[in-house]
Amino acid sequence: MMPFPRRLRPASVALAAAVLLTAAACTSTGGSSAASGPAVAIKPGDSHPATTVTVWSFTHLPNEVKAFQAAADRLHTRYSWLTVKLVQNKDDADFTKAVAAGAPPDVFISSSPDSVAKFCQNKTVADMKPYLGAAGIDLAKTFPVGDYQYMQYQGQQCALPLLTDAFGLYYNKAMFRAAGISTPPKTLDELRADAEKLTIRNADGSVKQWGFVPAEAYNVNNTLYEGNLTGSSFYDSNGKTTIASDPNWGKLLTWAQRLDAYYGQDQVKRFVAQYQPHSDDASNPFTAGKVAMEVDGEWHIGELADNAPKLDYGIVPVPKLAGSNASPGAGETAGTVMYLPTRAAHQQEAAFTIANMATDTEFLTDLATEVSNVPSTFASLAAWKNAGDPHWATMIAINKDPGSGYTPLTPASAEVGTTWGTAIQSFDQSSGTPDPTAMLATTAGKVDQLNAAAKN
């Protein structure tokens, strides 16, 4: 729901992706789709007019650009008629402007799913279900449920996954041993107790070594507050937010605020200001040995391999609220999404390209290795060379857990995320141990108003 700080097969499955049929497309805002008419099959052995498919991507880091270009080249080698022209460093705002100008790319790859519902509601992107059905791709048999459900809106499959982000608790094993802690925490109460044992203060009371910093404003800590730790759904069956009606939200916020208060609000603020710019580099506090535990995404495994190869660490699912119905092995999962613009100039070929990229095991495993992400299909997860590594194994298990996933999306998701995040940060920084009831009620009203307005 809230934007992330970064971004970022059996042969029969790949063949099914290749045997892609076009279907009558949705009508986009501002005019008709570029594709229409009867279904036409594109088969691996068929001749096809030479076509260049323009793919816009969020990628800009050298390793990401290299990996995506290799995938584009491999598609051209496999299908000589298909040329993929990659345009890097494009975000949702760039895509929206291109759509408004009537010149969208054929494929758009976004770093975040936060615009899925909005793009689907206003017909900016096409429903992929007809294409998937024609290609014989069964979503439930191809992808873990948490990898594709958050890309659905009102019965439409508005995007497909391309790699996955999973979030876990990283912990420094040497620091745990020094503090006399034998196992990582499984509940939030245990996390709080371990954090205090792991904290070392200077003579003046300032923090020398942090156990854990739960401030929402730091790194990917926003993922703590989206329901996976408490087994809470952000919305009820009527589409109303549960943050005021489900008491577990208040318990979670109180837990985090009290731990922030343990360290001192001024010290937490200074920590966030100092380290937020370094959440993904060698000065990351967990990497540098200044913090014993940190919630982070799977890409951090690659960063640690580069920046702290001798660090003795482990990863476990983020601890859950005791007494809740949260799955112990679940966690936040999200990731890169691929859109088929409704008015793509080459919609048939674009859908063919997306299906290949979404289901090709070789492409997904190579790309996952290069950019340190989790592959997004069951087949690629099974085939991936990193699957046996204990660090990656934890992230894969989180990805596969049925309780994992992303906050249900609405057309107002970006605004909802900002509203919710601002409220949590304000509560984090409040003095004493206040009751969050009034704040949650006020925020719930704002969230419901945003969603109601976005439907019009």
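Anything mentioned here points back to the structure above.
Residues numbered from 1 in each chain as written. Predicted model: local features only at pLDDT ≥ 70, side-chain atom pairs only at ≥ 80, totals over all residues. Heavy atoms only, no water.

Here we look at unusual backbone geometry
As a rule of thumb, non-glycine residues mostly have phi less than zero, and peptide bonds are mostly trans rather than cis. Positive phi, normally seen in glycine, also occurs at Asn219, with a value near 50°. Secondary-structure assignment places Asn219 in the loop between strand E11 (207-209) and helix H10 (247-263). (Helix = DSSP H or I, 4+ residues; strand = E, 2+ residues; numbered from the N terminus.)

Focus on the nonpolar core
The biggest cluster of nonpolar side chains holds 56 residues, and the ones touching the most others in it are Ile109 and Leu162. Apart from residues lying up to four places away in sequence, Ile109 is in contact with Val55, Trp56, Ser57, Phe58, Phe68, Leu162, Thr336, Val337, Met338 and Met357. Of all hydrophobic cores here, the second largest spans 53 residues; its members include Phe176, Leu198, Phe234 and Ala423. (Core = buried A, V, L, I, M, F, W, Y, C linked by side-chain atoms within 4.5 Å. Buried < 20%, exposed > 50% of the residue type's maximum accessible area, 1.4 Å probe, protein only. Contact = heavy atoms within 4.5 Å.)

Quick word on the packing of helix H2 (residues 62-78) against helix H13 (residues 347-359)
Orientation of H2 relative to H13, taken along the N-to-C sense of each, is 115°, at an axis distance of 12 Å. Helix-helix and strand crossings are classified by hand; for H2 and H13 the assignment is right-handed. Here H2 contributes Phe68, Leu75 and Arg78 to the contact with H13, which in turn contributes Thr353, Asn356 and Met357. Taken together, the residues of the contact of H2 with H13 break down into 3 nonpolar, 2 polar and 1 charged. (Axes fitted to C-alpha atoms, helices over the stretch in contact; angles between N-to-C directions. Left-handed = near helix turned anticlockwise from the far one by under 90°. Nonpolar A, V, L, I, M, F, W, Y, C, P; charged D, E, K, R; others polar.)

Details of the pattern of salt bridges
In total, this model carries 4 salt bridges according to the counting rule given. Measuring nitrogen to oxygen at the nearest pair gives 3.2 Å for the salt bridge that ties Arg177 to Asp312. With Arg177 in helix H8 (residues 173-178) and Asp312 in the loop between helix H12 (299-307) and strand E13 (313-316), this pair connects stretches of sequence that are 135 residues apart. Assessed through its relative accessible area of 55%, Arg177 is described here as exposed. Residue classification places Asp312 among the partly exposed positions, given a relative accessible area of 32%. For Arg192, the salt bridge goes to Glu196, with nearest N and O atoms at 2.4 Å. With Arg192 and Glu196 both in helix H9 (residues 188-198), this residue pair falls 4 residues apart, about one helical turn. (Salt bridge = Lys/Arg side-chain N within 4 Å of Asp/Glu carboxyl O.)

Looking at the environment of Gly168
Tracing the sequence through the fold places Gly168 in strand E9 (residues 165-172). Placed 163 residues apart in sequence, Gly168 and Gly331 show a C-alpha to C-alpha distance of 6.9 Å.

Side note on the environment of Arg343
Here Arg343 shows up in the loop between strand E15 (337-339) and H13. The class of Arg343 is partly exposed, set by a relative accessible area of 33%. Taking C-alpha positions, Arg343 is 8.7 Å from Pro105, a pair spaced 238 residues apart along the chain.

A word on H9
Three or more residues of H9 are buried, namely Leu188, Leu191, Asp194, Ala195 and Leu198. Buried residues of H9 fall within an arc of 120° about the axis and therefore sit on the same side. Those residues of H9 that are exposed and aimed more than 90 degrees away from the buried face are Asp189 and Lys197. (Arc of directions from axis to C-beta.)

Observations regarding the sheet that holds strand E3 (residues 51-57)
The 5 strands lie next to each other as E4-E3-E5-E15-E8, forming an open sheet whose pairing is mixed. The open sheet has two edge strands, strand E4 (82-87) and strand E8 (160-161), and neither has a second partner. Relative to the sheet, H2 contacts E3, E4 and strand E5 (107-110), its axis offset from that of E4 by approximately 165°. (Pairing = 2+ DSSP bridges.)

Quick word on the packing of H10 against helix H11 (residues 265-275)
The interhelical angle for the contact between H10 and H11, taken along N-to-C directions, is 95°, at an axis separation of 6 Å. With respect to each other, H10 and H11 are oriented roughly perpendicular. Mapping the contact onto sequence places Gln257, Asp260, Ala261 and Tyr263 in H10 and Gln265, Gln267 and Val268 in H11. Considering only residue class, the contact of H10 with H11 consists of 3 nonpolar, 3 polar and 1 charged. (Parallel < 35°, antiparallel > 145°, perpendicular 65-115°, else oblique.)

Comments concerning the packing of aromatic side chains
Tallied over the entire structure, the rule returns 25 aromatic pairs. Ring geometry for Phe108 against Tyr339: centres 6.0 Å apart, planes inclined by 10°, an arrangement best described as stacked. With Phe108 in strand E5 and Tyr339 in strand E15, this pair connects stretches of sequence that are 231 residues apart. What makes Tyr339 buried here is its relative accessible area of 0%. Aromatic pair Trp210 and Phe271: ring centres 4.9 Å apart, planes at 45°, arrangement tilted. One end of the pair, Trp210, is in the loop between E11 and H10; the other, Phe271, is in helix H11, and 61 residues separate them in sequence. A relative accessible area of 4% means that Phe271 is categorised as buried. (Phe/Tyr/Trp six-rings, centres within 6.5 Å; stacked < 30°, edge-to-face > 60°.)

Description of the side chain of Ser380
With respect to the secondary-structure elements, Ser380 resides in helix H15 (residues 378-383). Residue classification places Ser380 among the buried residues on the basis of a relative accessible area of 0%. Within the local environment of Ser380, its side chain forms a polar contact with the side chain of Thr377, the two groups lying 2.7 Å apart. (Polar contact = N/O pair within 3.5 Å; in protein donor to acceptor, adjacent residues only side chain to side chain.)

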